[in-house]
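For reference, the chains in residue letters:
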Amino acid sequence: MKLLLDSTRCQGYGLCREPAPELIDLDEWGYAQVLVSHVPAEGAGVAEEAVAACPNSALRLVK
Amino acid sequence: MTGVRSFLPGEQPGMLVSPVLGAEPHRGAEDLAGYLAVGGYAPLTVRDRLLDRIAAVGLRGRGGAGFPAAVKIRAVLDAPGRPVVVANGEEGEPGSVKDRWLLRHRPHLILDGLRLAAAMTGAERGFVYLSDTRAEQAVRHALAERPTHVPVGVVRTDHTYVAGEETAVVRRIEGGPALPTAKPPRPYEAGIGGAPTLVANVETLARIAVMRACPDAAVAVAGAHLVTVSGSGDSAAVLAEVPAGTHLKVLADLCGHGRAEAVLLGGLSGGLHGAGWTDLLLDHDHARAAGGTLGCGALHFLHPEDCPVAVAAGAAAHLAAQSARQCGVCVSGTGALAGTLTAVARGEADDAAADRLRRWSRQLPGRGACGLLDAAARIAATLLAHFPGRVDAHRDATCAACADPALLDARRFTVPVP
């Protein structure tokens, strides 16, 4: 699965990192940076939590 | 005034000098009679196997990314739905003039290429996308007199750095602003109105039309490049057509930049190249292997009196100003890069500035919706890689070149369309 960030939607809320720090980091301005775009099957749960955490729907998980 | 010169070998069919235009390319604009007389708009038959030939000669797109043209055309052909084709003539690089020159002077060649793209993909409609007023007049005139084919609309946009990016093209043609969108989907999957859409640079389409008319010369036509050469010194900028494998040093000498010590590749997108630039060959793969990109073929040569720090600061400042301001990381990233490079140029940077630039140039590429942020990051990365001593020297002494505020913006890169 691929974790995709639409950087035009990322407003830097920073809520996505909390459930998935191994997949997402925040840069020095607070914007999300996807560390692992090809998410292994065992990471699907936390990736879905990160997607759900974004108030602006900037993250997508694509099969 | 920008010159127009062909450096192709004698018999090779080119775009700047042709039987249609005669020996004075920059004065002429082709008309239908002239274009038909050299075999233009001839029907495409299955026996032409044009798409196979484009694949066989390895034609690369000329908008900047250098993606294989046949792969893109096949992707549109294979996607479900009735395709749309677009001739993209909006060149946002201030140092490039080739696309506007082609639209102004060879509108039939481009429309013929667009017709062939429609025939290859099965598209039933097309668009020409541009910002230049004279180009629009030439294209509308050519559309009015061309043989009937798929309907083609002309869509005008404002002239900005990102307006020619393929998702911005789709968004503008759909009636929106000319701003990039997140990928996927790419236009070949879902473009105008959701239809698979071929967004092809006008030079790419022109090369396809010449390859169809001159099949025996297809390899040479696919390998040749239109380039816009500029730099400091007294030499006027030149729009040139060069054969495959041209040495950058040979081109610099031919265009009056024999003293050049460095080059800014690909408009503002391909980075600064110092020692070793004279060994570079003019094609996408060599530029990439050298850590740069050929982009749209705009080359800006730096002479001994130029300061690479001033060039980098000016380029980054232009990119920061041209950010579409959609992606927070681009607004912050280009702003930080440009601000720090300007501080370095003025001798006002702190000791950690080079480290910050180095870190940003690693962390920022690939994170914006388009390539603008990548371009700014590459400017910083290549400045530090090729000119570490020149960067350091700005901490100890005032740089005369950097003291001129006019050198810290994009004016020096802007080339007038011939």
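Keep in mind the model is a prediction, meaning the values are calculated, not measured. Just so you know, the residues in each chain are numbered from 1, in the order the chain's sequence is written. Lettering of chains starts at A and numbering of ligands starts at 1, both following the order in which they are written. Totals for whole chains, interfaces and linings use all residues, but because this is a predicted model, local features are given only for residues with pLDDT of at least 70 and pairs of side-chain atoms are given and counted only at 80 or more.

Here the focus is the interface of chain A and chain B. Think of it this way: build a C-beta for each residue from its backbone, and any pair within 7 Å is a contact. Across the contact, ten residues belong to chain A and ten residues belong to chain B. All amino acids are sorted into three groups, where Ala, Val, Leu, Ile, Met, Phe, Trp, Tyr, Cys and Pro are nonpolar, Asp, Glu, Lys and Arg are charged, and the leftover types, Gly among them, are polar. Looking at the side of chain A that touches chain B residue by residue, the classes come out as three nonpolar, five polar and two charged.

All names here are of chain B. The biggest cluster of nonpolar side chains holds 152 residues, and the ones touching the most others in it are Val86, Ala117, Ala312, Ala316, Ala376 and Ala380. Only DSSP runs of H or I covering at least 4 residues are called helices, and only runs of E covering at least 2 are called strands; the numbering of each starts at the N terminus. Per-element tally for this core: the top contributor is helix α12 (residues 308-322), with ten residues. For Val86, the contacting residues outside a window of four places in its chain are Gly126, Phe127, Tyr129, Val169, Ile173, Thr197, Leu198, Val199 and Ala200. To count as a nonpolar core, a set of buried Ala, Val, Leu, Ile, Met, Phe, Trp, Tyr and Cys residues must be joined through C-beta atoms within 7 Å. With C-beta atoms placed from the backbone, a residue is buried if 20 or more other C-beta atoms are within 10 Å of its own, exposed if 12 or fewer are, and partly exposed between those counts.

Residue and element names in this part refer to chain B. With twelve residues, helix α8 (residues 202-213) should cover 16 Å at 1.5 Å per step; its first-to-last C-alpha distance of 17 Å lies within 8% of that length. By the criterion of burial, α8 is predominantly enclosed, with eleven of the twelve residues buried. Where α8 is concerned, the buried positions are Val202, Glu203, Thr204, Leu205, Ala206, Arg207, Ile208, Ala209, Val210, Met211 and Arg212. Multiply 1.5 Å by the residue count of a helix minus one, and that product is the helix's expected span.

A few words now on the sheet that holds strand β3 (residues 125-130) of chain B. Residue and element names in this part refer to chain B. When DSSP finds two or more bridges between a pair of strands, those strands are recorded as paired. Spatial ordering of the open sheet is given by β4-β3-β2-β5, a layout of four strands whose pairing is parallel. Of all strands in the sheet, those with a lone pairing partner are β4 (152-156) and β5 (197-201), marking the two edges. The sheet shows a mean angle of 20 degrees between the axes of neighbouring strands, taken without regard to direction. For strand β2 (residues 84-88) and β5, the ladder comprises five bridges, and the chain directions are parallel. Within the sheet, the bridge partner assigned to Ala87 lies in β5 and is Ala200. Packing of helix α7 (residues 166-173) onto the sheet brings it into contact with β2, β3, β4 and β5, and relative to β5 it is tilted by some 115 degrees. Lines fitted to C-alpha atoms define the axes, with helix axes restricted to the stretch in contact, and inter-axis angles between N-to-C directions lie between 0 and 180 degrees.

Turning our eyes to something else, we now look at the sheet that holds strand β7 (residues 238-242) of chain B. Residues and elements named next belong to chain B. The mixed open sheet is built from six strands, whose spatial order is β1-β7-β6-β10-β8-β9. Only two strands of the sheet have a single neighbouring strand rather than two, namely β1 (3-6) and β9 (272-273). In terms of strand pairing, β1 meets β7 through four bridges, oriented parallel. Bridge pairing links Gly3 to Val238 in β7.

Either an automatic procedure or a domain database provided the assignment from which the domain bounds are taken. In terms of domains, chain B is made up of domain 1 (12-221), domain 2 (224-302) and domain 3 (308-413). Contacts between the two partners involve 19 residues from domain 1 of chain B and, on the opposite side, 18 residues from domain 2 of chain B.

Let us now look at the packing of α12 of chain B against helix α15 (residues 372-386) of chain B. All names here are of chain B. Orientation of α12 relative to α15, taken along the N-to-C sense of each, is 165 degrees, at an axis distance of 10 Å. Classified by the interaxial angle, the pair formed by α12 and α15 is roughly antiparallel. For the element pair α12 and α15, the recorded crossing hand is left-handed. Along the contact surface, α12 presents Pro308, Val309, Ala312, Ala315, Ala316, Leu319, Ala320 and Gln322, while α15 presents Leu372, Ala375, Ala376, Ile379, Ala380 and Leu383. Of the residues contributing to the contact of α12 with α15, the split by class is 13 nonpolar, one polar and no charged. Angles below 35 degrees are treated as roughly parallel, those above 145 as roughly antiparallel, those between 65 and 115 as roughly perpendicular, and all remaining angles as oblique. Crossing chirality is assigned from the near helix's rotation relative to the far helix, an anticlockwise turn below a right angle marking it left-handed and a clockwise turn marking it right-handed.

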